Amino acid sequence: MKPFDIVIVGGGGAGLYAAMEAMKTNPALNIAVLSKVYPNRSHTSAAQGGANAALGNKAKDDTVEMHIFDTIKGSDYLADQDAVDVLCSEAPKIIRELENMGTPWSRMEDNTIAQRPFGGAGRPRCCYCSDKTGHTILQTLYEQCLKKGVIFFNEYFALNLSVSGSRSKGLIAMNMKSGKVEAFPAKTVILATGGYAKMYWNRSSNAAGNTGDGQAIAYRAGIPMKDMEFVQFHPTGLRKSGLLVTEGARGEGGYLVNKDGERFMARYAKEKMELGPRDLVSRSIETEILQGRGFDSPAGTYVHLDLTHLGADLIKSRLPQIREMAMNFEGVDPIEEPIPVKPTAHYSMGGIDTDNQTRTVMEGVYAAGECACVSVHGANRLGGNSLLDILVFGRIAGRTAAEEAGKFTPGRITEAELAEQFDEIRGGMQASGRYERYGELREELGHTLALNVGIFRESSLLQKGIADLAELKDRFKKVRISDSSDVFNTNLMQVLELKNMLDLAETVAAGAYARQESRGSHTRIDFPVRDDVNWHKHTLATLVKGNVTLGEKPVTMGRYELQERTY
Ligand SMILES: Cc1cc2nc3c(=O)[nH]c(=O)nc-3n(C[C@H](O)[C@H](O)[C@H](O)COP(=O)(O)OP(=O)(O)OC[C@H]3O[C@@H](n4cnc5c(N)ncnc54)[C@H](O)[C@@H]3O)c2cc1C
């Protein structure tokens, strides 16, 4: 295949914005986007609530500076302040840019873009398209990419970077339609493969494909992962499935209620109540459940999200998808009855370590979106800041790669490399004797993570989690791929995803065990306070001789000093 100037892995919001911006920066470039699902089925399309920008439409006194402060405070002071400056300053521009491309933002009566309150934000600044914001953004971007001539390789599964010394020669991927392993020689590669919260299995709001493939690809190539211990639990997942009920439901005025009929958030965040930041609200729900104030059911203990007082008109116009999901997956109509909810693993704050221009330590390799850690979210992301992150840093990745592609020459990916990959991924088809089943390993992975590396963590739990992961990795060597066909071998792909999750889960558990403090989403029962003296720093997990090795990196400070975080 002719070498590409840029190969982008991922057709979500980050990948598509990068492709569009790269084309705009230099229309002569040869740019490919690879995606294991059709781009408009990427997880971005599931984003309901909205994207933050200090437009000042709803609250006239809102400012970019307030958005910056809320984000840094929300991050429990672990975000890099120069990166947060970029995120929030670019926000109003990028929302208007999307509007000009055709994103149908919901409007206020004066016809300006509507904004709703979101957790941890001092002003209502979340811009939305009803409760289908991600879907509309993704459609807009996909349209623009097709118009500009981006080449799509849909249903291609990225396997690994091809590396020579300190540089990447391009990407190796499997064509899912034929099972063939193909070379994508490229001057630059942008990883935009989304998050890894699906490793928590059925206690996750994520799409099935959010298995951290891009992070695992980078990790195996020697690129460090930053702050992997910070996994966000969203407060309101549906009880049975973990599917998400957007924070917009509380933004519109929903209450959280325990079995005694109390709005219990008064105990934990007197001022912000249900609109406290996610880490705090998730811990509060979990505490209510652990202390016996939840509702019991065969499908687990839960609390109520009550929207009944909002009225049928508001629910039908602003939260139609939530109503549909509650009816389909819990059998309740939120107009009439409260929705059963409990926290669900939702977002990965950690990811591939990049600088503010999305560069990684490997020449010619960039990362953007949820798979990257710039870091703008630190220890806890605010709702509405991730769609913003993928747009702002997706754009920067596209521009940077387009400007820098000329510096690199693509290497040659050899037939021998392809053959080696082919043999490796198909090894499981030959498993004989006593073998392991994919489904069992997958479920056990989710179970041990939710139990031992979940919302509340503690030394002995984490040790158990680490031991379980080592055992699972060992058993994985004997996993059997039961389907031997070449065409759309979904079992093979699931096994490849499981391998990626097992690699990354070790970095999450190692970071969580090492970090002896509580900060943002990382709560250690045995170290309940934030320890700025010893732990105000990022962790870096690197793969050295097959083992996780932890290093560290300082946090970039700016105008805001460390403060106690109260709501
Ligand atoms: C249910 C839900 C609701 C959310 N709501 C909001 C919200 O209201 N506001 C907000 O700010 N954030 C929200 N988020 C978070 C936000 O939507 C995501 O962080 C963001 O959309 C991620 O975008 P992305 O482009 O980085 O990745 P994704 O959209 O996840 O796309 C990843 C892409 O990578 C591709 N890919 C992955 N692995 C491979 C591989 N091996 N080979 C080839 N391709 C691969 C996939 O095919 C896909 O195209 C929500 C998340 C969820 C799960």
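Residues numbered from 1 in each chain as written. Predicted model: local features only at pLDDT ≥ 70, side-chain atom pairs only at ≥ 80, totals over all residues. Heavy atoms only, no water.

A. Summary view of the packing of aromatic side chains. Per the stated rule, a full pass over the model turns up 10 aromatic pairs. Ring centres of F153 and F184 lie 5.0 Å apart, and the angle between their planes is 85°; this geometry places the pair in the edge-to-face category. With a gap of 31 residues between them, F153 in strand 6 (residues 151-154) and F184 in strand 9 (residues 181-191) connect regions that are remote in the sequence. Like F153, the residue F184 is buried in the burial classification. (Phe/Tyr/Trp six-rings, centres within 6.5 Å; stacked < 30°, edge-to-face > 60°. Helix = DSSP H or I, 4+ residues; strand = E, 2+ residues; numbered from the N terminus. Buried < 20%, exposed > 50% of the residue type's maximum accessible area, 1.4 Å probe, protein only.)

B. Representation of the site of the ligand within the structure. The immediate surroundings of the ligand are formed by 39 residues, with S42, H43, T44, E370 and S386 found nearest. Within the contact set of the ligand, an oxygen atom lies 3.3 Å away from a backbone nitrogen or oxygen of V37. Compared with its free state, where it exposes 1,000 Å², the ligand has 98% of that area covered by protein. With four residues, helix 10 (residues 385-404) is the single largest residue contributor to the shell around the ligand. For the shell around the ligand, the residue count by class is 14 nonpolar, 21 polar and four charged. (Near = heavy atom within 4 Å. Polar contact = N/O pair within 3.5 Å; in protein donor to acceptor, adjacent residues only side chain to side chain. Areas by Shrake-Rupley, 256 points an atom, 1.4 Å probe, with all protein chains shown as cover. Nonpolar A, V, L, I, M, F, W, Y, C, P; charged D, E, K, R; others polar.)

C. Fine view of the sheet that holds strand 5 (residues 126-127). Read from one edge to the other, the open sheet built from three strands follows the order 3-5-4, with strand pairing classed as antiparallel. The open sheet has two edge strands, strand 3 (51-52) and strand 4 (115-116), and neither has a second partner. Both strand 4 and strand 5 contribute to a ladder of two bridges, which runs antiparallel. Note on strand 5: the bridge partner recorded for R116 is C126. (Pairing = 2+ DSSP bridges.)

D. Examining the pairing of strand 20 (residues 537-544) more closely. Looking at chain direction, strand 10 (residues 225-226) and strand 20 are connected through two bridges and run antiparallel. Bridging from a neighbouring strand, M225 pairs with A541 of strand 20. Two elements, strand 20 and strand 21 (residues 547-554), share eight bridges in a ladder whose sense is antiparallel. Paired with A541 across the bridge in strand 21 is L550. In textbook terms, the turn of a hairpin is the stretch between consecutive antiparallel strands, and for strand 20 and strand 21 this stretch comprises two residues, one of which, K545, has a positive phi near 45°.

E. Spotlight on the side chain of N452. Mapped onto the fold, N452 is located in helix 12 (residues 438-452). Excluding residues within four positions of it along the chain, N452 makes contact with L461, L462, K464, G465 and D468. (Contact = heavy atoms within 4.5 Å.)

F. Broad picture of the domain arrangement of the protein chain. Split by domain assignment, the protein chain resolves into domain 1 (236-343) and domain 2 (428-535). Once you take the C-alpha centre of each, domain 1 and domain 2 turn out to be 28 Å apart. Listed by partner, the interface residues are seven residues for domain 1 and five residues for domain 2. Across the interface of domain 1 and domain 2, roughly 440 Å² is buried in total on both sides, 75% from carbon and sulfur atoms. Among the residues domain 1 hides against domain 2, the three largest losses belong to D279, R283 and E286. Together they make up 74% of the total. Taken together, the links from domain 1 to domain 2 amount to zero salt bridges. The interface formed by domain 1 and domain 2 holds two residue pairs in polar contact (both at pLDDT 80 or more) in total. Looking at the side of domain 1 that touches domain 2 residue by residue, the class counts come to two nonpolar, two polar and three charged. (Domains from an automatic or database assignment. Buried area = accessible area lost by both parts, 1.4 Å probe. Salt bridge = Lys/Arg side-chain N within 4 Å of Asp/Glu carboxyl O.)

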